[in-house]
Each structure stands twice: as C-alpha cells, then as structure tokens.
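What follows is the residue order along each chain.
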Amino acid sequence: MLSEFEGQVALVGGGTGALGRAVSASFLEAGATVIVTYRRESEFDTLKHAVGPGAARLSGYGVDVMNESGLTDAISDLVARHERLDVLVNAIGGYLAGAPLWETETSVLERMLSMNLHSGYRLARAVVPTMLKQGRGALVNVAATAAFNHMPSAGAYVASKAAAVAMIGSLAADLKGSGVRANSICPTIIDTEANRAAMPGADHSAWSKPEDIARVILFLCSSDARLIHGAAIPV
Ligand SMILES: NC(=O)c1ccc[n+]([C@@H]2O[C@H](COP(=O)([O-])OP(=O)(O)OC[C@H]3O[C@@H](n4cnc5c(N)ncnc54)[C@H](OP(=O)(O)O)[C@@H]3O)[C@@H](O)[C@H]2O)c1
C-alpha cells in the first residue's frame with residue numbers, strides 16, 4: 001500500500017537524538033524524505049547506518065539551535081533544494097534540574113529556554129512561510145508533561161516546556177484555516193539509554209518507548225489527524 005508520506009519531505013530537528021532517531025526512522029519507513037538537524041557528525045553517521053536502505057532518503061544539517069542565523073540558513077537551503085516541506089517535528093530539547101529555584105543559576109534558565117523554547121520558535125519561524133505557500137503542512141513540537149505537572153526543583157525546565165506549549169497554542173491560532181496544523185506532544189519519562197544510565201534501579205518497562213511516541217507523531221502529521229490542531233497531547 002502506498003503511504004501518504006511517500007514523496008513528502010519531513011524535517012526532524014534533533015533527529016539524531018534518542019526520540020529524534022525513532023521519529024526519523026518512522027518517517028523513512030513511511031516513505032518520506034527526511035532531513036535532520038544534528039550537532040555531532042558521528043550521531044548522524046550512526047543514524048544513517050541504523051536506517052539501512054532508508055538512508056538514501058536521509059540527509060542532514062549540522063547546526064546548533066543557539067546559532068539562529070545558522071539554523072535559518074540551513075532551513076532556507078533545505079527549502080531551496082526540496083521545494084516543499086510537509087512536516088516539521090522538533091525533537092530538540094534537554095533537561096537540567098535538581099535544585100530549588102533560588103539555588104539554580106540563571107544560566108540554567110537561559111539554557112532550558114534555548115533548548116526547549118527557542119528551538120521550536122526558530123524552526124517554526126523558518127518553515128511556516130513555506131507551508132503557508134503550499135496551503136498545507138504539519139508541525140509537532142515535543143514538550144513534556146512537566147509543562148503541566150510542575151514538579152519541584154525543576155523551575156527552569158518546567159517553565160521552558162510550559163512556554164513551548166503556550167507558543168505552539170498561539171501559533172496554531174495564527175494558522176487557523178490555513179491548512180497548516182501545529183500541535184505539541186507531552187511525553188513523560190522516555191525509555192532512553194541516558195535515562196537508563198541515570199536511573200539504573202527504575203522499572204524501565206513502565207517507560208514510554210521512543211518508537212511508540214514516534215507513532216503518535218506520525219499519526220499527528222497524517223491526514224487522519226486533520227482535525228487535531230492546537231492540541232497538547234500527553235503521551
Ligand atoms: N527523555 C525523556 O525522558 C523526555 C521526557 C519528556 C520530554 N522529553 C523531550 O523529548 C525531546 C527529545 O528528548 P531526548 O530524550 O530524545 O533527548 P536527546 O537524546 O538529548 O536528544 C535531543 C536532541 O537535541 C539536540 N540538541 C540539544 N541541544 C541542541 C542545540 N543547542 N542545538 C541543536 N540541537 C540540540 C541534541 O543534540 P546533541 O546530541 O548534540 O546534544 C539531541 O540530538 C526533548 O524535547 C525532551 O525535552 C524527553
């Protein structure tokens with residue numbers, strides 16, 4: 001059966017990360033051309049090997065989201081090359097926490113905002129004009145349940161995720177009726193190597209698998225989800 005993603009172009013910000021890898025692999029399996037952003041060339045090489053024959057439809061840009069002009073240049077180049085962009089998934093993000101707010105350096109807040117808020121802002125700014133010209137497109141920004149469940153000793157992190165959800169909600173309102181949809185997904189803890197190393201005694205079987213979250217993202221970007229717009233979906 002021909003997948004609706006065949007011939008489509010999907011950009012996965014942070015597409016070599018733990019969740020990003022699964023998202024990239026899912027879109028490749030569904031037949032899309034996938035472009036990832038990454039910071040370490042070695043991680044991009046690992047992804048290329050992991051996806052096997054799908055690697056023929058995989059390319060990437062080495063770019064740090066902190067470098068706004070670098071990111072904008074990369075997206076402009078992508079749009080010029082592919083002349084379309086159907087999907088943006090932003091899986092760039094990070095977690096710094098562990099101390100009450102008054103013992104947390106301001107630099108932690110700045111870093112959380114850069115990784116968890118600015119990444120989505122900059123990527124969306126760069127891709128939405130192309131999607132609006134097409135009159136279609138789907139964006140999914142990866143937030144976290146921490147956007148709503150404000151646990152202690154994580155003020156900078158929860159603030160950055162809450163802000164990201166609010167930003168995508170407002171973007172969705174901007175895009176109403178345009179054919180371009182924007183949603184957030186809000187994972188709880190994901191079964192990644194990094195989390196297993198950090199919490200060796202935890203019950204890993206209870207954690208969400210990156211592949212299962214990737215499936216939700218693929219669905220959100222599909223035409224079956226055409227009525228879902230401006231949602232923040234817990235996964
Ligand atoms: N893991 C969890 O339990 C969990 C739970 C809830 C929500 N989330 C969210 O899910 C998303 C993916 O998480 P993950 O576990 O897959 O994390 P990850 O493995 O660390 O992947 C994050 C990706 O973002 C990239 N990145 C970080 N800072 C960047 C920057 N300044 N410029 C460009 N790229 C940058 C990383 O590149 P480098 O490898 O080069 O740093 C990496 O490829 C994040 O938004 C995270 O907050 C994760």
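Residues numbered from 1 in each chain as written. Predicted model: local features only at pLDDT ≥ 70, side-chain atom pairs only at ≥ 80, totals over all residues.

## Overview of the overall build of the protein chain
Alright, step 1. In terms of regular secondary structure, the protein chain is built from seven helices and seven strands.
Alright, step 2. Relative to the compact-globule value of 18 Å for 235 residues, the protein chain shows a C-alpha radius of gyration of 17 Å, a close match.
Alright, step 3. In terms of overall dimensions, the protein chain has a C-alpha envelope of 50 × 40 × 35 Å along the principal axes.
Alright, step 4. Going through the 235 residues of the protein chain one by one, you find that 42% of them count as buried.
Alright, step 5. Long-range pairs, those at least 24 residues apart, make up 69% of the contacts in the protein chain between residues at least 6 apart in sequence. (Helix = DSSP H or I, 4+ residues; strand = E, 2+ residues; numbered from the N terminus. Rg over C-alpha atoms; globule rule 2.2 N^0.38 Å. Buried ≥ 20, exposed ≤ 12 C-beta atoms within 10 Å, placed from the backbone. Contact = placed C-beta atoms within 7 Å.)

## Focus on the sheet that holds strand 2 (residues 33-38)
Alright, step 1. In space, the seven strands of this open sheet follow the order 3-2-1-4-5-6-7, with parallel pairing throughout. What marks the edges here is a single partner per strand, and that holds for strand 3 (58-62) and strand 7 (232-234). Within the sheet, the average angular offset between the axes of one strand and its neighbour, ignoring direction, is 20°.
Alright, step 2. The pairing of strand 5 (residues 137-142) with strand 6 (residues 180-186) spans six bridges and is parallel. Among the inter-strand pairings, Leu139 is bridged to a residue of strand 6, identified as Ala182.
Alright, step 3. Sitting on the sheet, helix 2 (residues 41-50) touches strand 2 and strand 3, and the angle it makes with strand 2 is about 155°.
Alright, step 4. The strands touched by helix 5 (residues 155-175) are strand 5, strand 6 and strand 7; relative to strand 6, the strand with the most contacts, the crossing angle is about 160°. (Pairing = 2+ DSSP bridges. Axes fitted to C-alpha atoms, helices over the stretch in contact; angles between N-to-C directions.)

## A word on the site of the ligand
Alright, step 1. Neighbouring residues of the ligand: 26 residues in total, closest Gly14, Gly17, Arg39, Val65 and Gly93.
Alright, step 2. Those elements that place two or more of their residues in the shell around the ligand are helix 1 (18-29) and helix 4 (106-134).
Alright, step 3. Looking at which element gives the most residues to the shell around the ligand, the answer is helix 1, with three residues. (Near = placed C-beta within 6 Å.)

## Comments concerning the pairing of strand 5
Alright, step 1. Most of strand 5 is tucked away: six of the six residues are buried.
Alright, step 2. Of the two faces of strand 5, the one holding Gly137, Leu139 and Asn141 and the one holding Ala138, Val140 and Val142 are both buried throughout.
Alright, step 3. The pairing of strand 4 (residues 87-90) with strand 5 spans four bridges and is parallel. For Val89, the partnering residue across the bridge sits in strand 5 and is Val140.
Alright, step 4. Each parallel crossover has a hand, and the one from strand 5 via helix 5 to strand 6 is right-handed. (Right-handed = clockwise from strand over helix to strand, strands pointing away.)

## Here's the deal with unusual backbone geometry
Alright, step 1. Backbone geometry at Glu83 places phi at a positive 60°, although glycine is not the residue there.
Alright, step 2. Of note, Glu83 is situated in the loop between helix 3 (68-82) and strand 4.
Alright, step 3. Backbone geometry at Ser153 places phi at a positive 60°, although glycine is not the residue there.
Alright, step 4. Within the secondary structure, Ser153 is located in the loop between strand 5 and helix 5.

## Notes on helix 1
Alright, step 1. If you check helix 1, its first and last C-alpha atoms are 17 Å apart, about what twelve residues at 1.5 Å a residue would give, namely 16 Å.
Alright, step 2. When helix 1 is considered as a whole, its buried residues turn out to be Leu19, Gly20, Arg21, Ala22, Val23, Ser24, Ala25, Ser26, Phe27 and Leu28.
Alright, step 3. Remark: Gly31 follows helix 1 within two positions and exhibits a positive phi of approximately 100°. (Expected span 1.5 Å × (residues − 1).)

## Structural notes on the environment of Leu101
Alright, step 1. Topologically, Leu101 is positioned in the loop between strand 4 and helix 4.
Alright, step 2. Residue Leu101 is classed as partly exposed on the basis of its 13 C-beta neighbours within 10 Å.

## Quick notes on the environment of Glu4
Alright, step 1. Here Glu4 shows up in the segment before strand 1 (9-13).
Alright, step 2. With 15 C-beta atoms packed within 10 Å, Glu4 lands in the partly exposed category.
Alright, step 3. Sequence separation between Glu4 and Glu193 is 189 residues; the distance between their C-alpha atoms is 32 Å.
Alright, step 4. Among all residues touching Glu4, those that are not within four sequence positions of it are Ser222 and Ser223.

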